[in-house]
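Observations on the model geometry
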Amino acid sequence: MTAAGIAAAVRSGQRTARSVLEEHLGRIAAAEADVHAFNLVLHESARAAADAVDAAVAAGRDPGVLAGVPVALKDNLCTRGVPTTCSSRILDGWTPPYDATVVRRLAAEGAVVVGKTNLDEFAMGSSTENSAFGATRNPHDLGRVPGGSSGGSAAAVAAGFAALALGSDTGGSIRQPAALCGVVGAKPTYGLVSRYGLIAFASSLDQIGPFAGSVADAALLLDAISGPDPLDSTSLRDAPPPASARLGAGVDGLRVGVVAELAAAEGISADVVARTREAADALAAAGAKVDEVSVPAAVYGLSAYYLIAPAEASSNLARYDGVRYGLRERGDPGGAGDITDMYLKTRSRGFGAEVKRRIMLGTYALSAGYYDAYYGKAQRVRTLIIRDFAAAYERFDVLLAPTAPSTAFALGEKTADPITMYLNDVCTIPSNLAGHPAISVPFGCGDDGLPVGVQVLAPALGETVMFQAAAALEAAAPPAHVPVTLGGGASQ
Amino acid sequence: MSAATAGDAPAVAWETVIGLEVHAELRTATKLFCGCRNSFGEEPNTNVCPVCLGLPGSLPVLNKAAVEYAMRIGSALHCGIQASIFHRKNYFYPDMPKDYQISQYDVPINVDGWLELSGGERIGIVRAHLEEDTGKTTHVGGGGRIHEAGYSLVDFNRAGVPLVEIVSAPDIRSSEQARSYVEELRAILVATGASDGKMEEGSLRVDANVSVRPAGSGGFGTRCEIKNMNSLRSLGRAIEYEAARQVAVVQGGGEVVQETRHWDEAAGRTGSMRSKEEAYDYRYFPEPDLVPVDPGEAWISAVASALPPLPASRRAAVAGASGMDASSDAVATVVRLGLDPFVEAVAGGPGSRENVAAIAVRRLANEVAAEIDSVGRLSPASFAALVRMEADGSLTAAQSRTVLKELLASGGEPKEVAGRLGFEAMAAGDLEAVVEEVIAAHPEEWARFLAGEDKLTGFFVGHIKVATEGRANLGAASALLRALRG
Ligand SMILES: [Zn+2]
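Residues numbered from 1 in each chain as written. Chains lettered and ligands numbered in written order. Predicted model: local features only at pLDDT ≥ 70, side-chain atom pairs only at ≥ 80, totals over all residues.

**A word on the overall build of chain B**
- Broken down by element type, chain B carries 15 helices and 14 strands.
- At 30 Å, chain B has a C-alpha radius of gyration far larger than the 23 Å of a compact globule built from 486 residues.
- In terms of its C-alpha atoms, chain B occupies a principal-axis envelope of roughly 95 × 60 × 50 Å.
- Taking all 486 residues of chain B together, 41% fall into the buried category.
- Within chain B, counting contacts between residues at least 6 apart in sequence, those at least 24 apart form 68% of the total. (Helix = DSSP H or I, 4+ residues; strand = E, 2+ residues; numbered from the N terminus. Rg over C-alpha atoms; globule rule 2.2 N^0.38 Å. Buried ≥ 20, exposed ≤ 12 C-beta atoms within 10 Å, placed from the backbone. Contact = placed C-beta atoms within 7 Å.)

Here it is in structure tokens:
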């Protein structure tokens, strides 16, 4: 049942939110031990929320557009009174005293939060293996990764643990796991969704976005959480473009550009290249005018990203010092510089290897004498990417590109080589650097039978046309693989 | 610090070069990036929220009132006010919640201005930018400094309080000038309403960059930054000490090392805090959580036109009214203490306008300044009445001072107070009677006076003063003596 279907049934009294929730909790009970999508399942508060929705319906009040819809939250979104960990030891014992803006908006629309999902520590990673609490597994093949960093949210939706989920996308952290888990995942325009309460990784790139089983459900969730927020100075001031406005409009006459540099980028596997081409053909068959387009600066995206994101992260993660909250390791008492010793021990023990690697990269990139060569130059690349996208959007309404270079890879396969892992984001990063929206839609399977995702990219605030094209792509997609946790067959 | 000389070497005059960095807390109702109250002296950690505690996920939102106050300061310091951005200044310190400070770096809100000292000299202002304050750490046990303490307590009430940092050009040449600069700046901050300028409470904090060079040389010596001066007096002492120390280093054949030095008030000396090598690399980069601040021409000119009269123009006004020098101490004192409305109040009365105003300035700079806490008892109207009584001879200068002290102590109207004190102006007939009595008592001296011995005027006036118990207008008495001589 779709999220929209659940909300309609609950609002009309055909189903209770409680029964919907119990169905999802049942699937969690059956398969969560295998998948490990969650850091925390909120059985009791979810039941209370569902009962409150049912009481509202019984009293003749409308609980909202997400009435009774079970939603999973990436565990870097602050939830009042509920531990929020970023899958890091450094936040041990910390409970936020406030809700993220998106969490408040979900509650206002009657959504039921079922749990906090696993992620790569502080959203740094592409496999959800960099978690202090253990890896999440892909519901389509338990020996493979779900992608990352929002792997827990992607897996939760794929496994039917939640109808919807929220993730955060800094360089592809929603779209890549969505592709690997066979679900829809969207990164909105920078500023469309408030970041207040999203624990920052790289502030100029981070955006919260939806995971769903369908394009329409993703649009429903995005429309519920987007819009101006006085608590986030970078949130856009005007009413957002509705994602759901033209879902059934088709693509007749729509101009679709296939990004040459991304569609055949180095390291993209042949089956993914083939599915992307078939997706373009499918849109052409539906009436779109499809052509190839060049976005030359996109090839520098990965390098620029790995300077900007770690630089901002090195500053954002400085506050985890043991002074005010979370983990504190005692400094050598009475020793010279014991405050420094406390910092060192706390941060050495609290952060995992990938987080430390990025803090060091970023600290170096911002150092006196290196700023211009690294951070400054990366920002100039960003400007070039925006310029090249602008040129492409003079000729096209939306662009098409692969999401991830391959289908889900095996657990442990890429953990030894960070660069190979980083290459997972080569097709998704340009949208973050430009601040543009992009959505990954499942489109057939790879040679191994596992899901492949194709991205639709749009200019800033182009959500309406992006979801319009994504819905057409979804309608034209070949049959999908069914997760093994839901009775699907094993991959080849 | 004006000059120092070495033993046998040819005398070299040394010049001190000083630049000041002043941090002023702004008097906004709320903090710079959150809605917490900006208030001093409350229970620790009561004015805090997720934003000013730097909790994960929180984001800053700029306080418009702080921008307005910063613009007032920039405008009063004749700065260019421009579109600006915020940067992050990264370093670890336990009272800084995010372990970075949101500050302004290469694109500050105010640039390139100047400040005119009460003595008339102009000191350049390089910039005046917005930034957030840190919390306060109290080191408990041990030596009171972080590495010696048993443990430390942090109060975050001050974290996120808006500051404007005002950076002067290295135009200051003496400790006296440095003090005068801070006094003038404080007066401007208070006049604009942007800050209460209380150095002792820490709402005004001054760091000094000090170097020395042979007098007349164009270059700059290596500078040291001096911190921890909590009063104008410590500022002066610290600069004197540091300049003398640097001169001694150079004259001893050594080189001044660039470093940050800590002023020890009790010991009366500066000590090394951080060498250049140990200096933080702040890794500044643009704050991605905030958008650029562009006040725009309309707002900038609205702020400029709403500025109250500033000390320099008020000094000029007082000087113009009284005929006194605008750079005189008396005029500076009147303006510094906000007494210029009293000068305005005497204008327009009888007598020479300048003479009356000059008397007013003298009384204000002396008697009123000495009892400034009681100035509330003195109304401009009664002060004006008093000054006119002194100007027209109804009261002697001594009587006027006595009446003024009484007005400051107990209030009241000058005529009534003067009467109570027996200072009522003597009628001309009464004075003549006294003069005649005095002449009758000293016939020998009167004969010599009549014969042309002018110096005896003083003798008679003295006796008249005694006989009237000081109530006589002595000028009138001398005139009477001369008139009787014919
Ligand atoms: Zn606050």
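So much for the structure itself; the text now carries on.
**With respect to the overall build of chain A**
- When helices and strands are tallied, chain A shows 16 helices and 11 strands.
- Against the compact-globule benchmark of 23 Å for 492 residues, chain A has a radius of gyration of 21 Å, which places it among compact chains.
- Seen along its three principal axes, the alpha-carbon backbone of chain A occupies a region of about 75 × 55 × 50 Å.
- Looking at chain A as a whole, 65% of its 492 residues qualify as buried.
- Considering only intrachain contacts with a sequence separation of at least 6, the fraction spanning at least 24 residues in chain A is 77%.

**A word on the sheet that holds strand E12 (residues 259-264) of chain B**
Residue and element names in this part refer to chain B.
- Sheet architecture is open: 9 strands sit in the order E2-E5-E6-E9-E1-E10-E11-E12-E13, paired in mixed fashion. Two strands bound the open sheet, and with one partner strand each, they are strand E2 (80-81) and strand E13 (269-275).
- Relative to strand E9 (residues 162-168), strand E1 (residues 14-25) runs antiparallel, the two sharing 5 bridges. Bridging from a neighbouring strand, Glu-21 pairs with Val-167 of E9.
- This element, helix H1 (residues 64-76), spans E2, strand E5 (110-116), strand E6 (122-132) and E9 of the sheet and lies at about 175° to E6.
- Where helix H3 (residues 232-251) meets the sheet, it contacts E1, strand E10 (204-214), strand E11 (224-229), E12 and E13, and its direction lies at approximately 25° from that of E10. (Pairing = 2+ DSSP bridges. Axes fitted to C-alpha atoms, helices over the stretch in contact; angles between N-to-C directions.)

**Side note on the domain arrangement of chain B**
- Assigned domains within chain B: domain 1 (14-305), domain 2 (311-420) and domain 3 (428-485).
- Placing the centre of domain 1 of chain B and that of domain 3 of chain B at their C-alpha centroids yields a distance of 65 Å. (Domains from an automatic or database assignment.)

**Re unusual backbone geometry**
- Following Gly-148 of chain A, the chain continues to Ser-149 of chain A via a peptide bond in cis, the omega torsion being 10°.
- Here Ser-149 of chain A shows up in the loop between strand E3 (112-117) and helix H5 (151-158).
- Phi angles above zero are rare outside glycine, and Ser-87 of chain A is one such case at about 50°.
- Residue Ser-87 of chain A is classed as buried on the basis of its 31 C-beta neighbours within 10 Å.
- Of note, Arg-283 of chain B is a non-glycine position whose phi angle comes to about 45°, a positive value.

**Notes on the pairing of E9 of chain B**
Residue and element names in this part refer to chain B.
- Counting buried residues along E9, 5 of its 7 residues qualify, which places the element largely inside the surrounding structure.
- Where E6 meets E9, 7 bridges bridge the pair, whose relative direction is antiparallel. Bridging from a neighbouring strand, Ala-128 pairs with Ile-166 of E9.

**Focus on the interface of chain A and chain B**
- The interface is formed by 34 residues belonging to chain A together with 27 residues belonging to chain B.
- Mapped by element, the contributors of at least two residues to the side of chain A that touches chain B are helix H10 (301-316) and helix H11 (338-350) of chain A.
- For the side of chain A that touches chain B, the element with the most residues is H10 of chain A, which contributes 3 residues.
- Of the residues in the side of chain A that touches chain B, the class split is 19 nonpolar, 9 polar and 6 charged. (Nonpolar A, V, L, I, M, F, W, Y, C, P; charged D, E, K, R; others polar.)

**So, helix H5 (residues 311-322) of chain B**
Residues and elements named next belong to chain B.
- For H5, which comprises 12 residues, the first-to-last C-alpha distance of 16 Å matches the rise-based estimate of 16 Å (1.5 Å per residue) to within 8%.
- If you check which residues of H5 are buried, you get Pro-311, Ala-312, Arg-314, Arg-315, Val-318, Ala-319, Ala-321 and Ser-322.
- Where H5 terminates, the next one or two residues include Gly-323, which has phi positive at roughly 75°. (Expected span 1.5 Å × (residues − 1).)

**Re the sheet that holds strand E3 (residues 87-90) of chain B**
Residue and element names in this part refer to chain B.
- On the basis of which strands lie adjacent, the open sheet formed by 3 strands has the order E4-E3-E14 and antiparallel pairing. At either margin of the open sheet sits one strand with a lone partner, and together these are strand E4 (100-103) and strand E14 (285-286).
- Pairing geometry for E3 and E14, over 2 bridges, is antiparallel. Counterpart to His-87 in the pairing with E14 is Pro-286.

**Overview of the environment of Tyr-422 of chain A**
All names here are of chain A.
- Counting through the fold element by element, Tyr-422 comes out in helix H14 (residues 418-422).
- Spatially, the C-alpha atom of Tyr-422 lies 7.7 Å from that of Gly-125, the residues being 297 residues apart in sequence.
- When near neighbours in sequence (up to four residues on either side) are disregarded, Tyr-422 contacts Leu-302 and Tyr-306.

**Here we look at the nonpolar core**
- Core analysis: the biggest nonpolar cluster contains 175 residues, and Val-71, Val-112 and Val-456 of chain A have the highest contact counts within it.
- Discounting residues that sit within four places of it in the chain, Val-71 of chain A has contacts with Leu-106, Ala-111, Val-112, Val-113, Val-114, Ala-162, Leu-164, Ala-165 and Leu-166 of chain A.
- Cys-79, Ile-172, Val-212 and Leu-290 of chain B belong to the second-largest nonpolar core, a separate cluster that totals 68 residues. (Core = buried A, V, L, I, M, F, W, Y, C linked by C-beta atoms within 7 Å.)

**Some remarks on the domain arrangement of chain A**
- Its domain assignment divides chain A into domain 1 (3-249) and domain 2 (300-376).
- Between domain 1 of chain A and domain 2 of chain A, the contact holds 21 residues from the first and 18 residues from the second.

**Comments concerning the packing of H1 of chain B against helix H4 (residues 296-305) of chain B**
Residues and elements named next belong to chain B.
- It is at 9 Å that the axes of H1 and H4 come closest, and there the two elements cross at 65°. Between H1 and H4 lies a crossing of right-handed hand. Contact residues: Glu-68, Met-71, Arg-72 and Ser-75 in H1; Ile-300, Val-303 and Ala-304 in H4. (Left-handed = near helix turned anticlockwise from the far one by under 90°.)

**Looking at the confidence of the model for chain B**
- For chain B, per-residue confidence averages 90 on the pLDDT scale, and residues scoring 70 or more make up 94% of the total.
- The ipTM for the predicted assembly is 0.96, set against a pTM of 0.89. (pLDDT = per-residue confidence, 0-100.)

**Quick notes on the packing of helix H2 (residues 17-35) of chain A against helix H3 (residues 43-58) of chain A**
All names here are of chain A.
- Their axes nearest at 8 Å, the elements H2 and H3 cross at an angle of 155°. One element, H2, and the other, H3, form an angle in the roughly antiparallel class. Mapping the contact onto sequence places Ala-17, Arg-18, Leu-21 and Leu-25 in H2 and His-43, Ala-46, Arg-47, Ala-50, Asp-51, Val-53 and Asp-54 in H3.
- Of the residues in the contact of H2 with H3, the class split is 6 nonpolar, 1 polar and 4 charged. (Parallel < 35°, antiparallel > 145°, perpendicular 65-115°, else oblique.)

**A word on the environment of Asn-47 of chain B**
Residue and element names in this part refer to chain B.
- Position of Asn-47 relative to the elements: it lies in the loop between E1 and H1.
- Looking at Asn-47, the number of C-beta atoms within 10 Å reads 23, which means it is buried.
- Sequence separation between Asn-47 and Leu-307 is 260 residues; the distance between their C-alpha atoms is 31 Å.

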